[in-house]
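Read off the chains here:
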Amino acid sequence: MKLAFSTLGVPGLPVPDVLALATAHGYHGVELRAHPEEPVHPGLTPAERAETAALFRGAGIEVLGVAGYARVAAPGEDAPVLAEIRELLRLAHDLGAPFVRVFPGADPDRPREESDAVAARRLGAAAEDASALGVRILLETHDSHRTGADAIRVLGPVGHRQVGALWDVMHTWLGGEQPSDSYAALAPHLGYVQVKDIASAEDTTPLPLGAGVLPLTECVDVLCRNSWDGWLCWEYEKRWYEKAAPLPGLLGAGRAHLVRLLGEAA
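A brief look at the structure comes next. (Residues numbered from 1 in each chain as written. Predicted model: local features only at pLDDT ≥ 70, side-chain atom pairs only at ≥ 80, totals over all residues. Heavy atoms only, no water.)

Considering the overall build of the protein chain
Moving on, step 1. Summing up its helical and strand segments, the protein chain has nine helices and eight strands in all.
Moving on, step 2. In terms of C-alpha radius of gyration, the protein chain reaches 17 Å, essentially the compact-globule figure of 18 Å for 266 residues.
Moving on, step 3. Counting every position in the protein chain, which comprises 266 residues, the buried fraction comes to 53%.
Moving on, step 4. Sequence-distant contacts, at least 24 apart, represent 80% of the contacts inside the protein chain between residues at least 6 apart.
Moving on, step 5. A total of about 10,800 Å² of accessible surface is found on the protein chain, and carbon and sulfur atoms cover 53% of it. (Helix = DSSP H or I, 4+ residues; strand = E, 2+ residues; numbered from the N terminus. Rg over C-alpha atoms; globule rule 2.2 N^0.38 Å. Buried < 20%, exposed > 50% of the residue type's maximum accessible area, 1.4 Å probe, protein only. Contact = heavy atoms within 4.5 Å. Areas by Shrake-Rupley, 256 points an atom, 1.4 Å probe, with all protein chains shown as cover.)

Re the packing of aromatic side chains
Moving on, step 1. Inspection of every chain in the model, using the stated rule, returns four aromatic pairs.
Moving on, step 2. Ring centres of Phe-5 and Tyr-27 lie 5.3 Å apart, and the angle between their planes is 85 degrees; this geometry places the pair in the edge-to-face category. Linking Phe-5 in strand β1 (residues 2–6) with Tyr-27 in the loop between α1 (15–25) and β2 (29–33), this pair joins segments that are 22 residues apart in sequence.
Moving on, step 3. When its relative accessible area of 3% is taken as the criterion, Tyr-27 is described as buried. (Phe/Tyr/Trp six-rings, centres within 6.5 Å; stacked < 30°, edge-to-face > 60°.)

Things to note about the packing of helix α2 (residues 46–59) against helix α3 (residues 78–95)
Moving on, step 1. Here α2 crosses α3 at 50 degrees, and the two axes come no closer than 8 Å. Viewed along their axes, α2 and α3 adopt a mutual orientation that is oblique. Residue-level inspection shows Arg-49, Thr-52 and Ala-53 of α2 in contact with α3, the latter providing Arg-90, Leu-91, Asp-94 and Leu-95.
Moving on, step 2. Taken together, the residues of the contact of α2 with α3 break down into three nonpolar, one polar and three charged. (Axes fitted to C-alpha atoms, helices over the stretch in contact; angles between N-to-C directions. Parallel < 35°, antiparallel > 145°, perpendicular 65-115°, else oblique. Nonpolar A, V, L, I, M, F, W, Y, C, P; charged D, E, K, R; others polar.)

Regarding the pairing of β2
Moving on, step 1. With five of five residues buried, β2 lies mostly within the body of the structure.
Moving on, step 2. Residues Gly-29, Glu-31 and Arg-33 point to one face of β2 and Val-30 and Leu-32 to the other, with burial holding for every one of them.
Moving on, step 3. One ladder, built from three bridges, connects β1 with β2; its direction is parallel. Across the sheet, residue Ala-4 finds its bridge partner in β2, namely Gly-29.
Moving on, step 4. Relative to strand β3 (residues 62–71), β2 runs parallel, the two sharing five bridges. Looking at the pairing, Gly-29 lines up with Glu-62 of β3.
Moving on, step 5. The β-α-β motif built from β2, the intervening α2 and the parallel element β3 has right-handed crossover chirality. (Pairing = 2+ DSSP bridges. Right-handed = clockwise from strand over helix to strand, strands pointing away.)

Focus: the pattern of salt bridges
Moving on, step 1. In this structure the tally under the stated criterion is 16 salt bridges.
Moving on, step 2. When the shortest N-O distance is used, the salt bridge between Asp-78 and Arg-122 registers 2.9 Å. In this pair, Asp-78 sits in helix α3 while Arg-122 sits in helix α4 (residues 112–133), placing the two residues 44 residues apart along the sequence. Each member of the pair, Asp-78 as well as Arg-122, carries the same accessibility label: buried.
Moving on, step 3. Through salt bridges that share partners, Arg-33, Glu-37, Glu-38 and Arg-239 make up one connected network. (Salt bridge = Lys/Arg side-chain N within 4 Å of Asp/Glu carboxyl O.)

Topic: the pairing of strand β5 (residues 136–140)
Moving on, step 1. Of all five residues making up β5, five are buried, and the element is well covered by its neighbours.
Moving on, step 2. Residue alternation in β5 divides its side chains into two sets, Arg-136, Leu-138 and Glu-140 and Ile-137 and Leu-139, and both sets are buried.
Moving on, step 3. By the bridge criterion, four bridges tie strand β4 (residues 99–103) to β5 in an arrangement that is parallel. Its bridge partner being in β5, Val-102 is matched across the sheet by Leu-139.
Moving on, step 4. Regarding the hand of the β-α-β motif, the stretch spanning β4, α4 and β5 is right-handed.
Moving on, step 5. Here four bridges tie β5 to strand β6 (residues 163–168), and the two strands are oriented parallel to one another. When the sheet's bridge partners are listed, Ile-137 is paired in β6 with Val-163.
Moving on, step 6. In this fold, β5 hands off to helix α5 (residues 148–158), which returns the chain to β6; that crossover is right-handed.

Some thoughts on the environment of Arg-239
Moving on, step 1. Here Arg-239 lies in the loop between β8 (231–234) and α9 (251–265).
Moving on, step 2. Overall, the relative accessible area of 30% leaves Arg-239 in the partly exposed class.
Moving on, step 3. The spacing of Arg-239 and Arg-49 is 190 residues in sequence and 23 Å in space, taken between C-alpha atoms.
Moving on, step 4. Look past the residues within four positions of Arg-239 in its chain and what remains in contact with it is Leu-8, Pro-11, Arg-33 and Glu-37.

As structure tokens, then:
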């Protein structure tokens, strides 16, 4: 498996500095948080996109994905959501990234079946754009659709190869789903896996990998048992937890922990 980290862990850090961290600590790729407060976002000009892509190529580091904030099950008209997804797809294409991350974001007060149908309709509509651009849209296990079982209620009806799943191991755990069940549900759709660690369900402040309660060993084990050879991406949520330890000082030990888990599972 290849290893990456998300720029959510290094808020606002310029791309050359992000690449220096990836190179120094042996990561193969970087997931780019695509938000206006970050250096990389859909508002970049064509020249800025080309420059960013060139920096990654020069460093020998891959852009794993563009982590957007489109909420495909949210109430409202389809058009603004589809426009947001299409902007993310164009950015990913211009950067050479294979994936775009989207959230579910359903209103908990709406009937579940209604929200699922809205999400599937929007993802199905965006799938043709994704196909034309050679980018895959990944629905993250998150918020209203926390588990693999939740996600496949949307992904099954879409039934398009350019729409898949991003397995966030914290959210499936918070949803009470075992790693083997998450994998079984998501495997036909799985794009990549986000790993992280936290102290408890009540305290989700990010911790170094292996220092918390998330079942990382079990997750890596089930992936290896099934010969899955995609990406593991460390999403350290420093942006939301100011008092969390800085990620740069943890990257080396984090990679070592993942490599150890992979070795033990082999």
